[in-house]
Amino acid sequence: MPTRICKAFMLAVTVILFTPSLPAFAHHGWSWAESTQMTLEGTIESISMNPPHPSLTVKDAEGTVWKIDLSNPNQTARSGFTGDSARPGDAITVIGNRNKDPAEAHMKAVRIIIDGQNYDLYPERIQGN
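Thresholds, definitions, all that
- Position labels on residues start from 1 in each chain and follow its written sequence.
- It should be noted that, the model being predicted, local features are given only for residues of pLDDT at least 70 and side-chain atom pairs only at 80 or more, the latter also being counted only at that level, while totals for whole chains, interfaces and linings use all residues.
- The side-chain quantities take in all heavy atoms of the structure and omit both hydrogens and water.
- For our purposes a nonpolar core is just a set of buried Ala, Val, Leu, Ile, Met, Phe, Trp, Tyr and Cys residues, chained together by side-chain atoms within 4.5 Å.
- Burial classes follow relative accessibility: with a 1.4 Å probe on protein chains only, a residue under 20% of its type's maximum area counts as buried, one over 50% as exposed, and anything between as partly exposed.
- Numbering of helices and strands runs from the N terminus; a helix is a DSSP stretch of H or I covering at least four residues, while a strand is a stretch of E covering at least two.
- Residues count as neighbours in contact if any of their non-hydrogen atoms are within 4.5 Å of one another.
- In the sections that follow, a salt bridge refers to a side-chain nitrogen of Lys or Arg positioned within 4 Å of a carboxyl oxygen of Asp or Glu.
- The quantity known as pLDDT measures the predictor's confidence residue by residue, on a range of 0 to 100.

Brief notes about the nonpolar core
The tendency in soluble globular proteins is for nonpolar side chains to be buried side by side.
Then comes step 1: Counting 22 residues, the largest nonpolar core has Ile68 and Ile112 as the members making the most contacts within it.
Then comes step 2: Those elements that provide at least two residues to this core are strand 1 (38-48), strand 2 (55-60), strand 3 (65-69), strand 4 (91-98) and strand 5 (106-114).
Then comes step 3: Each residue touching Ile112, except ones within four places of it in the same chain, is listed here: Leu56, Leu70, Phe81, Ile92, Thr93, Val94, Gln117, Asn118, Tyr119 and Leu121.

So, the pattern of salt bridges
Then comes step 1: All told, the structure shown has two salt bridges when counted by the stated rule.
Then comes step 2: Two residues, Asp69 and Lys67, come together in a salt bridge whose shortest N-O distance is 2.5 Å.
Then comes step 3: Given the relative accessible area of 4%, Asp69 is considered buried.
Then comes step 4: A salt bridge links Asp120 to Arg111; the nearest nitrogen and oxygen atoms lie 2.5 Å apart.
Then comes step 5: What makes Asp120 partly exposed here is its relative accessible area of 25%.
Then comes step 6: A residue is classified by how much of its surface remains accessible, and Arg111, at 11% relative accessible area, is buried.

A closer look at the confidence of the model for the protein chain
Then comes step 1: Per-residue confidence for the protein chain gives a mean pLDDT of 86, with 78% of residues at or over 70.
Then comes step 2: Low pLDDT, under 50, characterises residues 17-27; the predicted model gives this stretch three contacts beyond four residues in sequence or across chains.

Some details on unusual backbone geometry
Then comes step 1: Put simply, Pro51 and Pro52 share a cis peptide bond, and its omega is 5°.
Then comes step 2: Mapped onto the elements, Pro52 comes out in the loop between strand 1 and strand 2.
Then comes step 3: The residue Asp115 is not glycine, and still its phi comes out positive at about 50°.
Then comes step 4: For Asp115, a relative accessible area of 79% translates into the label exposed.

Structure representation (structure tokens):
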């Protein structure tokens, strides 16, 4: 009987510890994004270098404000992009994969281009490079 109680206890602990991480686990990866890439041109509205993923908001020519997810902080820094690489108001080109839901103005960047400088966040994922 004690073995059964111990197994039940361990299962309960595992469920309790794992359940809060489900939203974060579901967020990561590329399953929410289209497989084909798009190019977005616009103006930077804001820059956040906060974990878990630095991000940008970018306004396109039609006035739509896009949420742009960058890679994790270390990978973003390795690409050369830092909080000092750009400012709100700067022109930007973003190459990446948009959300599968067309109502969402949201994409994951594989490359951003600012003032002719490429920042390759996911160089292995850039299509047609």
